[in-house]
Amino acid sequence: MSHSNPHTLLVEQEDRRVPITLLILAFPIIASMVSRTVMNYIDFIMVSQLGTEAQAAIMPAGMVLFCILAAAMGMFSAVSTFVSQSLGRNQLDECSAYAWQGVYLSILGGILLLPCWWLMPVLFGWAGHDANVQAMENDYAQIGVLGLAPTMATFALSNFYNGIHRPTVAFVSAVIGNLFNIVANYALIFGHFGFEAMGVKGAAIATQLACVVQVLVMIGWMLTPYYVKQYQTLKTWKLDFKRIGR
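Peer 1: Provide a residue-level description of the packing of helix α6 (residues 131–146) against helix α9 (residues 200–222), including the pertinent values.
Peer 2: Here α6 crosses α9 at 15°, and the two axes come no closer than 8 Å. Between α6 and α9, the angle falls in the class roughly parallel. Taken as a pair, α6 and α9 cross one another with a handedness that is right-handed. Residues Met136, Asp139, Tyr140, Ile143 and Gly144 of α6 pack against Val200, Lys201, Ala203, Ala204, Ile205, Thr207 and Gln208 of α9. A per-class count over the contact of α6 with α9 returns seven nonpolar, three polar and two charged.

Peer 1: Tell me about the pattern of salt bridges, residues and numbers included.
Peer 2: As a working rule, side chains carrying opposite charge can pair if their charged atoms are close by. Enumeration according to the criterion identifies two salt bridges in this entry. Residue Asp240 is joined to Arg243 by a salt bridge in which the shortest nitrogen-to-oxygen separation is 2.6 Å. Accessibility expressed as a relative area gives 21% for Asp240, which makes it partly exposed. What you see here is one network of salt bridges that share partners, running through Glu94, Asp240 and Arg243.

Peer 1: Quick one: what's the story with empty space enclosed by the protein, residue by residue and with numbers?
Peer 2: This structure, assessed with the given rule, holds one cavity of 30 Å³ or more. Residue lining of the largest cavity: Arg36, Thr37, Asn40, Phe66, Leu69, Ala70, Met73 and Phe155, and that is the complete set. Taken together, the elements giving at least two residues each to the lining of the largest cavity come down to α2 (35–47) and α3 (52–88). Here the lining of the largest cavity gets four residues from one element, more than from any other, and that element is α3. Of the residues that constitute the lining of the largest cavity, the class distribution is five nonpolar, two polar and one charged.

Peer 1: A description of α3 should follow, citing residues and the corresponding values.
Peer 2: Counted at 1.5 Å a residue, the expected span for α3 with its 37 residues is 54 Å, and the 52 Å between its end C-alpha atoms agrees. One or two residues past the end of α3 sits Asn90, with phi positive at roughly 65°.

Peer 1: I'd love a proper account of the packing of aromatic side chains, names of residues and values included.
Peer 2: In total, this model carries eight aromatic pairs according to the counting rule given. A centroid spacing of 4.9 Å and a plane angle of 10° characterise the contact between Phe82 and Tyr98, whose relative ring orientation is stacked. Of the two residues, Phe82 is situated in helix α3 and Tyr98 in helix α4 (residues 92–112); the sequence distance between them amounts to 16 residues. When its relative accessible area of 15% is taken as the criterion, Phe82 is described as buried. Under the relative-accessibility criterion, Tyr98 is labelled buried at 5%.

Peer 1: Got a sec to walk through the side chain of Thr154? Specific residues and values, please.
Peer 2: Along the chain, the position of Thr154 falls in helix α7 (residues 148–163). Overall, the relative accessible area of 5% leaves Thr154 in the buried class. In this structure Thr154 touches Cys211, Gln214, Val215 and Met218, once residues within four positions along its chain are discounted.

Peer 1: I'd like a rundown of the nonpolar core, residues and numbers included.
Peer 2: Core analysis: the biggest nonpolar cluster contains 51 residues, and Met120, Tyr140, Phe160, Tyr161 and Ile164 have the highest contact counts within it. Residues in contact with Ile164, not counting those within four places in the same chain, are Val83, Leu87, Cys95, Tyr227 and Tyr231.

Peer 1: Run through the packing of α2 against α3, naming residues and quoting values.
Peer 2: Where α2 contacts α3, the two axes come as close as 9 Å, and the packing angle between them is 170°. The angle between the axes of α2 and α3 places the two elements in the roughly antiparallel class. Where α2 abuts α3, its residues Arg36, Thr37, Asn40, Asp43, Phe44 and Val47 lie against Ala54, Gln55, Ile58, Met59, Gly62, Leu65, Phe66 and Leu69.

Peer 1: So what about unusual backbone geometry? Which residues, and what values?
Peer 2: Even without being a glycine, His165 presents a positive backbone phi close to 65°. Structurally, the position occupied by His165 is in the loop between α7 and α8 (167–190). Positive phi, close to 55°, is recorded for Gln232, a residue that is not glycine. Note on Gln232: relative accessible area 25%, which makes it partly exposed.

Here is what the cut-offs are and how they apply
- Within every chain, residues take consecutive numbers counted from 1 along the sequence as written.
- Under the rules for a predicted model, residues below a pLDDT of 70 receive no local features and side-chain atom pairs below 80 are neither given nor counted, while totals for whole chains, interfaces and linings still include all residues.
- Water and hydrogen atoms were dropped before computing side-chain values, which therefore reflect all heavy atoms in the structure.
- Axes, fitted as lines to C-alpha atoms, cover a helix only where it is in contact. Angles between the N-to-C directions of the axes lie from 0 to 180 degrees.
- Here a strand is any run of E in DSSP of at least two residues, a helix any run of H or I of at least four, and the numbering for each starts at the N terminus.
- We call two directions roughly parallel when the angle between them is under 35 degrees, roughly antiparallel when it is over 145, roughly perpendicular when it lies between 65 and 115, and oblique otherwise.
- Crossing handedness is read from the near helix: turned anticlockwise from the far helix by less than a right angle, it gives a left-handed crossing, and turned clockwise, a right-handed one.
- In this description, contact between two residues means that some pair of their heavy atoms is separated by no more than 4.5 Å.
- Each residue is assigned to one of three groups, with Ala, Val, Leu, Ile, Met, Phe, Trp, Tyr, Cys and Pro labelled nonpolar, Asp, Glu, Lys and Arg labelled charged, and all others, Gly among them, labelled polar.
- The salt bridge criterion pairs a side-chain nitrogen of Lys or Arg with a carboxyl oxygen of Asp or Glu, the two atoms within 4 Å.
- Relative accessibility thresholds used throughout: buried, under 20% of the residue-type maximum; exposed, over 50%; partly exposed, between the two (1.4 Å probe, protein chains only).
- Put simply, the grid is 1 Å and covers the protein atoms alone, a cavity is a trapped set of points that fit a 1.4 Å probe, a pocket is an open set with protein on both sides within 12 Å along at least five of seven lines, and lining residues have an atom within 4 Å of a point.
- Grid points are joined across faces, edges and corners, and a volume is the space filled by probe spheres set on the points.
- Any helix carries an expected span of 1.5 Å times its number of residues minus one.
- Note on aromatic pairs: the rings of Phe, Tyr and Trp (six-membered ring only in Trp) are paired at centre separations within 6.5 Å, and the planes decide the class, stacked below 30 degrees, edge-to-face beyond 60, tilted for the rest.
- What we call a nonpolar core is a set of buried Ala, Val, Leu, Ile, Met, Phe, Trp, Tyr and Cys residues that are connected through their side-chain atoms within 4.5 Å.

Encoded structure:
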């Protein structure tokens, strides 16, 4: 009869624990990163109740917006890099400085991408969809273009919290944003709580407002006493083109 080495068994147990531990640590980061995707999926589910035309419109419109936001998501991951480096050097004020510059860069990006508003009807016209479907695609995508700045700001701020090893903050803000989106969708798509029923357009407005809520939660967290003292968040808010350039 062979006997297992106790040391080998211990190593095997530790090896099994490592992936689980990594998943637990990574879950808040993953959840915050896919927050906007979850919002789009919720929009799709709720708008589907309006009929097949609305369902056919919201999917391609959401995909077009995602293509723009995917590039922004990659760019704003740099915030985490600079914040992590600053944290490693114990330059805590630099951490918050890069967070603020990320917010300003998201505003600039939102302004530069505004011409996409006029491109959306052209794009969906090329697709050759039914006129009613095109109208709803344009509504969802054009309102989405107006919300690109706050959405990109959520990427920047989430990466700040990830960089200082506080991903739970971004996760909580994502949960709040998504819950807000569900309630706002219910009100604006179907016309509840005294609001007019706006259909697909209501879904688009609700999602952009949800992103604004998410940004406000994360900025509000930055302005709590701990972050003001530890990271000097009230002193590093000034626009800095050098940091933005980096």
